[in-house]
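Okay, here's what each chain looks like letter by letter:
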Amino acid sequence: MTSPATATGSEPVLQVRAVPGLARFEAAEWDACATSPETLSAGDETFNPFVSHAFLSALEESGCVSRRTGWLPLHVRVEREGRLVGAAPCYLKSHSQGEYVFDHGWADAYERAGGNYYPKLQVSVPFTPVTGPRFLIAPGEDADAAASAIVAGLRALREETQASSIHATFLRERESDQAEALGMLPRIDQQFHWINEGYSTFDDFLRALASRKRKAIKRERRDALAQGITIEHRTGAEITEADWDAFYAFYQDTGARKWGRPYLNRHFFSLIGERMADRILLVIARKDGRPIAGAINFIGDTALYGRNWGCLEDHPFLHFEVCYYQAIDFALSRGLKRVEAGAQGEHKLARGYRPVAMHSAHDFADAGLGRAVGDYLKRERAAVRAAIDEYAQMSPFRRGGQDHEDS
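In this text the structure is predicted, and so the values were computed from the model without any measurement. (Residues numbered from 1 in each chain as written. Predicted model: local features only at pLDDT ≥ 70, side-chain atom pairs only at ≥ 80, totals over all residues. Heavy atoms only, no water.)

Chemist: Account for the layout of surface pockets, naming residues and giving values.
Modeler: Each pocket or cavity is described by its volume, and for the second largest pocket that value is around 420 Å³. What lines the second largest pocket is a set of 22 residues, among which D44, T131, R172, E173 and R338 lie closest to the centre. Residue assignment for the lining of the second largest pocket shows that the elements contributing at least two residues are α5 (173-181), β15 (338-340) and β16 (354-364). Per element, the largest residue contribution to the lining of the second largest pocket is 4 residues, and it comes from β16. Class assignment of the residues belonging to the lining of the second largest pocket gives a composition of 8 nonpolar, 7 polar and 7 charged. (1 Å grid on protein atoms, 1.4 Å probe; cavity = no way out; pocket = protein on both sides within 12 Å on 5 of 7 lines; lining within 4 Å. Points joined across faces, edges and corners; volume = space filled by probe spheres on them. Helix = DSSP H or I, 4+ residues; strand = E, 2+ residues; numbered from the N terminus. Nonpolar A, V, L, I, M, F, W, Y, C, P; charged D, E, K, R; others polar.)

Chemist: If you had to explain the side chain of D103 to someone new, which residues and values would you point to?
Modeler: As for its placement among the helices and strands, D103 is situated in the loop between β6 (90-93) and α3 (104-112). Judged by its relative accessible area of 1%, D103 is buried. For D103, the side chain forms a polar contact with the side chain of Y117, separated by 2.8 Å. Aside from chain neighbours lying at most four places away, what touches D103 is S96, Y117, K120 and H167. (Buried < 20%, exposed > 50% of the residue type's maximum accessible area, 1.4 Å probe, protein only. Polar contact = N/O pair within 3.5 Å; in protein donor to acceptor, adjacent residues only side chain to side chain. Contact = heavy atoms within 4.5 Å.)

Chemist: How would you sum up the packing of helix α7 (residues 211-224) against helix α10 (residues 318-334)? Please name residues and give values.
Modeler: For the pair α7 and α10, interaxial distance at closest approach is 9 Å and the crossing angle is 115°. With respect to α10, the axis of α7 lies roughly perpendicular. In the crossing of α7 with α10, the sense of the turn from one axis to the other is left-handed. Where α7 approaches α10, its residues I217, E220, R221 and A224 are matched on the opposing element by L318, F320, E321, Y325, Q326 and D329. Of the residues belonging to the contact of α7 with α10, the class tally is 5 nonpolar, 1 polar and 4 charged. (Axes fitted to C-alpha atoms, helices over the stretch in contact; angles between N-to-C directions. Parallel < 35°, antiparallel > 145°, perpendicular 65-115°, else oblique. Left-handed = near helix turned anticlockwise from the far one by under 90°.)

Set out below in structure tokens:
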């Protein structure tokens, strides 16, 4: 797919095409777009590990994303006279697995009405419910013009592939606004993130909580390690292939129980270990020297992202210790501003994680389906905003300087 997009005055027309894989991009040019001031908004991370060329190319080279797995790479590339202007990570999908923004109901309704919902186009990072840049703009370019070209290119690609729809998920708020201005339907959801409100230590954080919540967390941390369990942090060159073997065993156990088949294969973890180990934190729990549980986290410039966890033995509160409390400890040690611990999970609220809105945008070839989804999303947005407000009122933090024992 090659199509003209936009032009200003006598400037050359922007050309948009789809390319089958990150190998068609130089790592430096992709990463320059992902980290440019034109891509990022005030307060954004200057480096998001998941949109890096290293992470996305590892998914492709390992075979985790491919036509066979239902994630065919068709990345959008915007050029002016052969020079990269913008890009978007995009996949032609034959199912709705591994996305974390759920559209199964839309697919079922459309199929019952006689339509073909699949294939569809997914602008996202596969298997990764983390907000980050999706419209990647080259340094010095006009962000709105490039975003407009990317969306125009997506619509042309949708027509060429006979896809039903475009789904841009875990957008930053500015990108959501850009997409809505270009006629896409906005959607919101929520997650729970831990925010560093100027704490230096874990005890500083605990002192901000109501007494009952503070005591509960201390008890959970104590009980999680009561069976002689020890915790290790491994990052960078400290991570060995033996560590990856151990973690992959944990990951397979969780994946088999949740999805029937884990999304990521063993080769993927070796590839990211080679290419971005300094951006990875493995938290490993051991008992009698044996690794029994672990979690993988990715390190951004301002945030720690908890992604996958698993265990070979069940111990009370060990999941909370490995995934939540150890992540907070590490974030504090690095001066990071927040911890994102993945999708869903109301239980995170009692452990100091706060409700945060997530954004996505959707566009349908069938006008009737678009109207029906648009009506639904209006009601859903109101319900999600109300839920976020309600969760905020359930915060475990002390209010007005008072230490509420029953809060």
